[in-house]
Every structure is written in C-alpha cells, then in structure tokens.
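# Structural description and commentary
Listed here are the chains, written in short residue letters.
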Amino acid sequence: MVSAGPALVNPAPPPRVEGGSGRSIDRPPVKGNLVKKLFLAAATFLATLAPLGAAQAQAAAGTPETLVRQISTEVLDAVKADKAIQGGDTGKILALVDTKVMPSVNFEVATRSAVGPKWREASPEQRTRLQTEFKTLLVRLYSGALTQIRDQTVEITRTQPVANSSQVVVQSEVRGKGEPIKLDYRLDKFNDAWKIIDVNVGGIWLVQSYRSQFAQVLGGTGGIDALITRLVDQNKSAGGKS
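All residue numbers refer to positions counted from 1 along the written sequence of the respective chain. In keeping with the model being predicted, local features are shown solely for residues with a pLDDT of at least 70 and side-chain atom pairs are shown and tallied solely at 80 or more, while totals for entire chains, interfaces and linings include all residues. With hydrogens and water set aside, each side-chain value is computed from the structure's full complement of heavy atoms.

## Digging into the side chain of Asn 235
- By the element assignment, Asn 235 lies in helix α9 (residues 223–241).
- The residues contacting Asn 235, other than those within four sequence positions of it, are Glu 133, Thr 136, Leu 137 and Arg 140. What counts as a helix is a DSSP run of H or I of at least four residues, what counts as a strand is a run of E of at least two, and both are numbered from the N terminus. Only heavy atoms enter the contact rule, under which two residues are in contact if any of them lie within 4.5 Å.

Set out below in structure tokens:
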C-alpha cells in the first residue's frame, strides 16, 4: 500500500530550466494580497475549462488571441451571472468542468508536462487517472476564487511565438479595481485548432510549477501509482471540506 505522504500545495514559481527534480513540497512564502490576486487570475483561467459552443469552436480554428478573448469574455459573463458559483458552490463548479467536453484545453498535454519523463512509463489506465485527478486538483484548488469575480474584464496585450516550437503565448491582463493582474496563456495547435496547455498567473506557470512537486513523489519507490494515490487522497481531503 502506497503511503499518502504530505499534501501537495499551491503552485510555487517554476525553475528557469525545466527538467529538474524540484525541491521539497512547501508552501511558497507569498503575502496574502498576492495570493488573492493569483487565485483571482487562476479562477479566470479555470473558467475557460467550461464547454465551448459553435462560436468558440470557430474561434479555436482562427487566431489564438481570438480564442482567448472570446472564451474569457463569454465565460466571465456567465460566471458573473451565476449566483451559485459566486456563492462558492464547489459541486456546481466541478460539475461544470467534469461533465462537459473541454475543447479549449488539451489536458493530456498539460498533465504530461506536469508529470514529466515518467509519463512514458505510465499505462493508458494510469494516464487517464492522472489526468482526472490533476484536473480535479486544479479545479478544487482555485474554485473558491470564482466567488471573487465581479466586474473584471480581460484585455489581450500581446501575442508572441515560443522559440523553436509551434506554440504561442497570448499575454493578457485581468482588469478591475486595483492594479491589473498579468495572465498569459500558452497555446499550441492540434488538428488545426488552438488549445490551451498552460497559463501563467502573475509570473507562475501553473502546470509547470507542479512538475517539481510531482518529481518528489515520482522519485520514490511508488512511482506513478504513488503519485495517483497522493492526488486521490488530496482530492478526497479537499472534497470533504467543501
């Protein structure tokens, strides 16, 4: 039986060079005001996991900034109008993500990036479980931030290609009361449609930031199964508090 081990925590800034084993899993020493900003911006990202209609699907086949702008605007409007989400209804937020198709996000690529080289050793069943639990971890971690969305808007500021790849980064700002929050999306094209594979919230790439945390678990004797067990236990614990 695999030991549950210490809980995974909020993302810490990723290393400048990818592929490191990472340090021990500790909560980053950030101030409360910054945490609030990060959660708010991350909630905006998680809102884009909602299902897309025909208009958004058409946007996905266009430019990456068009996709980000359309998703952000439409989903933010929906969240603002949903009293249950504003009231912190975690079950409804999870249902919104879990029961719908997510054409705006390639979660397999996001999970594979977070797991790192060990992904190649995972069976198809293990990969499915990793994707499911990782998605639940992210949604539960930031679902409470959706209650803070009120009058925010998202403005696209710049789009730039990622060197030596087919990826692009769409830079944006979440604007409302107070100073803007930087929110960047990393996208890649799959079957002629742009998909989100990571998001940078205030300088922190959320998916990459988990790579070092996951490496600590994967470096032990339990391997992939240990990571799945850790994620399951973390999500069950969070679910019991919601």
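## Notes on the sheet that holds strand β1 (residues 153–161)
- Being paired, for any two strands, means DSSP has found at least two bridges between them. Spatial strand order, β1-β2-β3-β4-β5: five strands in an open sheet with antiparallel pairing. Two strands lie at the open edges of the sheet, namely β1 and β5 (204–205), each paired on one side alone.
- Where strand β3 (residues 181–190) and strand β4 (residues 193–201) come together, eight bridges link them in antiparallel fashion. Its bridge partner lying in β4, Asp 188 is registered against Lys 195.

## Regarding the packing of helix α6 (residues 107–115) against helix α8 (residues 206–218)
- Only the stretch in contact is used when a helix axis is fitted, and all axes are lines through C-alpha atoms; the angle between N-to-C directions ranges over 0 to 180 degrees. Where α6 contacts α8, the axes come no closer than 6 Å and their chain directions differ by 50°. The orientation of α6 relative to α8 falls into the category oblique. Only Val 207, Tyr 210, Arg 211, Phe 214 and Leu 218 of α8 make contact with α6, whose side of the interface consists of Ala 110, Ser 113, Ala 114 and Val 115.
- Of the residues in the contact of α6 with α8, the class split is seven nonpolar, one polar and one charged. For this classification, under 35 degrees means roughly parallel, over 145 means roughly antiparallel, 65 to 115 means roughly perpendicular, and everything else is oblique. Put simply, Ala, Val, Leu, Ile, Met, Phe, Trp, Tyr, Cys and Pro go in the nonpolar bin, Asp, Glu, Lys and Arg in the charged bin, and everything else, Gly too, in the polar bin.

## Some words on the side chain of Glu 133
- Inspection of the secondary structure puts Glu 133 in helix α7 (residues 124–142).
- Each residue is placed in one exposure class: buried if its accessible area under a 1.4 Å probe, protein chains only, is under 20% of its type's maximum, exposed if it is over 50%, and partly exposed if it falls in between. Counting rule applied: Lys, Arg positive; Asp, Glu negative; His and chain ends not counted. The salt bridge criterion pairs a side-chain nitrogen of Lys or Arg with a carboxyl oxygen of Asp or Glu, the two atoms within 4 Å. Summary of buried charges: Glu 133 has no salt-bridge partner, and the nearest side chain of opposite charge, Arg 129, is 5.2 Å away.
- Think of a polar contact as two N or O atoms within 3.5 Å of one another; within protein, one of them needs to be a possible hydrogen donor and the other a possible acceptor, and neighboring residues in sequence only count if both atoms come from side chains. Within polar-contact distance, the side chain of Glu 133 engages the side chain of Asn 235 at 2.7 Å.
- Not counting chain neighbours up to four residues away, the residues in contact with Glu 133 comprise Leu 231, Val 232 and Asn 235.

## So, the nonpolar core
- Val 115, Leu 130, Phe 134, Leu 187, Phe 214 and Leu 227 are the most contacted members of the largest nonpolar core, which totals 40 residues.
- Counting only elements with at least two residues in this core, the list comes to α3 (64–81), α6, α7, β2 (168–175), β3, β4, α8 and α9. Definition used in this section: a nonpolar core is a set of buried Ala, Val, Leu, Ile, Met, Phe, Trp, Tyr and Cys residues joined via side-chain atoms within 4.5 Å.

## Some thoughts on the packing of aromatic side chains
- Pairing of aromatic rings covers Phe, Tyr and the six-membered ring of Trp, with a centre-to-centre limit of 6.5 Å; geometry is then stacked below 30 degrees between planes, edge-to-face above 60, and tilted otherwise. Evaluated as defined, the whole model comprises four aromatic pairs.
- Here Phe 134 and Tyr 210 contribute two aromatic rings whose centre-to-centre distance is 5.6 Å and whose plane-to-plane angle is 85°, an arrangement assigned as edge-to-face. One end of the pair, Phe 134, is in helix α7; the other, Tyr 210, is in helix α8, and 76 residues separate them in sequence.
- By relative accessible area, Tyr 210 is classed as buried at 1%.
- Ring pairs connect the aromatic residues Phe 107, Phe 134, Tyr 210 and Phe 214, which therefore count as one cluster.
- Sitting over the face of the ring of Trp 205, Arg 186 holds its NZ or CZ atom 4.7 Å from the ring centroid. Lysine NZ or arginine CZ positioned within 6 Å of the ring centre and within 35 degrees of the ring normal marks a charge as sitting over the ring.

## Side note on α8
- Here α8 is 13 residues long and its end C-alpha atoms lie 19 Å apart, about the 18 Å a rise of 1.5 Å per residue gives.
- In the structure, α8 departs most strongly from a straight axis at Ser 212, where the bend amounts to approximately 30°.
- The complete set of buried residues in α8 reads Leu 206, Val 207, Gln 208, Ser 209, Tyr 210, Ser 212, Gln 213, Phe 214, Val 217 and Leu 218. Here a helix's expected span is defined as the number of its residues, less one, multiplied by 1.5 Å. Two axes are fitted around each residue, one to the seven residues ending there and one to the seven starting there, and the angle between them is reported as the bend at that residue.

## So, the pairing of β4
- With nine of its nine residues buried, β4 lies for the most part within the structure.
- As paired strands, β4 and β5 are joined by two bridges and run antiparallel to one another. By the bridge assignment, Val 201 is partnered in β5 with Ile 204.
- As consecutive antiparallel partners, β4 and β5 are separated by two residues, and within that stretch Gly 202 has a phi angle of approximately 55°, a positive value.

## Let's talk about unusual backbone geometry
- We note that Asn 164 has phi near 60°; this positive angle belongs to a residue other than glycine.
- Along the polypeptide, Asn 164 turns up in the loop between β1 and β2.
- The phi angle at Asn 191 is positive, at roughly 55°, despite the residue not being glycine.

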